[in-house]
Amino acid sequence: MQDAHFASALVLTPPGALERDWVLARVLERLPPGAEIIALGPKDRGGARIAPTLRGFGCDVSEEPKRRHRICHTRRPASPVNLAAALAAGAPRLDPGLGLWTQPGVFSWDRLDPGSAMLMDILPDLGGRGADFGCGIGHLALGVLKSGAVTDLELVDLDRRAVACARRNVADPRARFRHADVRRLGAAADLDFVVMNPPFHDGGREDKALGVAFIEAAARALKPGGACWLTANRHLPYEQALARSFRDVRLKAQAQGYKLYEAIR
């Protein structure tokens, strides 16, 4: 799609400043002069910054509030300005602190999530075939693959950017990468283990059903006796879903607002 151009664009902007500016700059980069752009977002999640951002790119913007959103209308100017800086700021980069490739907007893009860090500290050496559900940029996978007994690890994420970063970060021949929705994976039932720090936000709003769906997907993917290692915020009510899907559920740790479970299929 690098050379693709479009006649118009409707954009639901992300809340993060770097990601929002990058998305809008990419839109302007792909549109011909005069093309219509409608950009919107919740007022309390960056929507109030859409118009100033577009004006900073040289656009003439009209703005209207509607149902707690800001809706901006504009057309691509003949010569947008300041696109290069926004594109560079939101692009994939090698983070010197993490030592990993990452990109603004990807989960935990500029730090190691504390729940994942706790799981990596407690996780025993795993073995056999496994998967990392919601792999992000590959933090957990790197920890799992320290075990020489792991023969195969599939990294799965719905965010294409995360999978692209994970490919660069996890340079191990045992790793495979899959851009997919964990909730819609086929029920292979042949894995020895699954590790995961499941998401619980959808479109910026908390959705506990996401974590439940990840738990159910892990149960479908594991062979009898296989283990699911899950880390989650302490307030998330995953215990009933774990009890429904697994024969043995063990709370392994609680600290700093997180909990960690081992669940045996």
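Everything numeric in this text was worked out from a predicted model, so none of it was measured.

(A) Main features of the overall build of the protein. A tally of regular secondary structure across the protein gives 8 helices and 15 strands. Viewed in the frame of its principal axes, the protein has a C-alpha envelope of about 60 × 40 × 35 Å. For the protein, the proportion of contacts with a sequence separation of at least 24, taken over those separated by at least 6, is 61%. Here the protein displays about 13000 Å² of accessible surface, and carbon together with sulfur accounts for 51% of that area. Looking at charge distribution, the protein has the averaged site of its 37 positive side-chain charges lying 3 Å from that of its 30 negative ones.

(B) How the structure looks around unusual backbone geometry. In this structure, arginine 68 takes a positive phi of about 65 degrees despite not being glycine. Mapped onto the elements, arginine 68 comes out in the loop between strand 3 (62-66) and strand 4 (69-75). Phi is positive for asparagine 82, close to 65 degrees, though the residue is something other than glycine. One can find asparagine 82 in the loop between strand 4 and helix 3 (83-89).

(C) Structural context of the packing of aromatic side chains. Applying the stated criterion across every chain, the model contains 0 aromatic pairs. In this arrangement the basic side chain of arginine 168 is found over the ring face of tryptophan 101, its NZ or CZ atom lying 3.5 Å from the centre.

(D) View of the sheet that holds strand 3. With mixed pairing, 4 strands are arranged side by side in an open sheet as 1-2-4-3. Every interior strand has two partners, whereas the edge strands, strand 1 (8-12) and strand 3, have only one. Recorded for the sheet is a direction-independent mean angle of 15 degrees between the axes of neighbouring strands. Strand direction decides the pairing type here: strand 1 and strand 2 (residues 36-42), joined by 5 bridges, are parallel. In the sheet register, serine 8 faces strand 2, and the bridge partner there is glutamate 36.

(E) Region of interest: the state of the cysteines. Scanning the entire structure with this criterion turns up 0 disulfides. Free cysteine cysteine 72: the closest other cysteine sulfur is in cysteine 59, separated by 10 Å. In this structure cysteine 72 comes out as buried when scored by relative accessible area, which is 0%. Its sulfur unpaired, cysteine 135 is 9.9 Å from the next cysteine sulfur, which belongs to cysteine 165.

(F) Representation of the pairing of strand 8 (residues 150-157) in the model. In terms of burial, strand 8 is largely enclosed, as 7 of its 8 residues are buried. With 6 bridges connecting them, strand 7 (residues 128-133) and strand 8 associate as parallel partners. Residue pairing for strand 8: glycine 130 is matched across the bridge by leucine 153. The parallel pair strand 7 and strand 8, bridged by helix 5 (residues 139-144), forms a crossover whose chirality is right-handed.

(G) Broad picture of the environment of valine 182. Looking at the secondary structure, you find valine 182 in the loop between strand 9 (175-179) and strand 10 (191-196). For valine 182, a relative accessible area of 3% gives the class buried. Sequence-wise, valine 182 and tyrosine 261 are 79 residues apart; in three dimensions their C-alpha atoms are separated by 19 Å. Ignoring any residue separated from it by four or fewer positions in sequence, one finds valine 182 in contact with Phe133, Gly134, Val156, Phe214 and Ala217.

(H) Representation of helix 1 (residues 17-30). Under the 1.5 Å per step criterion, the end-to-end length of helix 1 is 20 Å for 14 residues, consistent within 8% with the ideal 20 Å. Taken together, the buried positions of helix 1 are Glu19, Arg20, Trp22, Val23, Leu24, Ala25, Val27, Leu28 and Arg30. Against the buried residues of helix 1 lie strand 1, strand 2, helix 2 (50-56), helix 3 and helix 6 (160-169).

What counts as what
Residues numbered from 1 in each chain as written. Predicted model: local features only at pLDDT ≥ 70, side-chain atom pairs only at ≥ 80, totals over all residues. Heavy atoms only, no water. Helix = DSSP H or I, 4+ residues; strand = E, 2+ residues; numbered from the N terminus. Contact = heavy atoms within 4.5 Å. Areas by Shrake-Rupley, 256 points an atom, 1.4 Å probe, with all protein chains shown as cover. Lys, Arg positive; Asp, Glu negative; His and termini not counted. Charge placed at Lys NZ, Arg CZ, Asp CG, Glu CD. Phe/Tyr/Trp six-rings, centres within 6.5 Å; stacked < 30°, edge-to-face > 60°. Lys NZ or Arg CZ within 6 Å of the ring centre and 35° of its normal. Pairing = 2+ DSSP bridges. Axes fitted to C-alpha atoms, helices over the stretch in contact; angles between N-to-C directions. Disulfide = S-S within 2.5 Å. Buried < 20%, exposed > 50% of the residue type's maximum accessible area, 1.4 Å probe, protein only. Right-handed = clockwise from strand over helix to strand, strands pointing away. Expected span 1.5 Å × (residues − 1).

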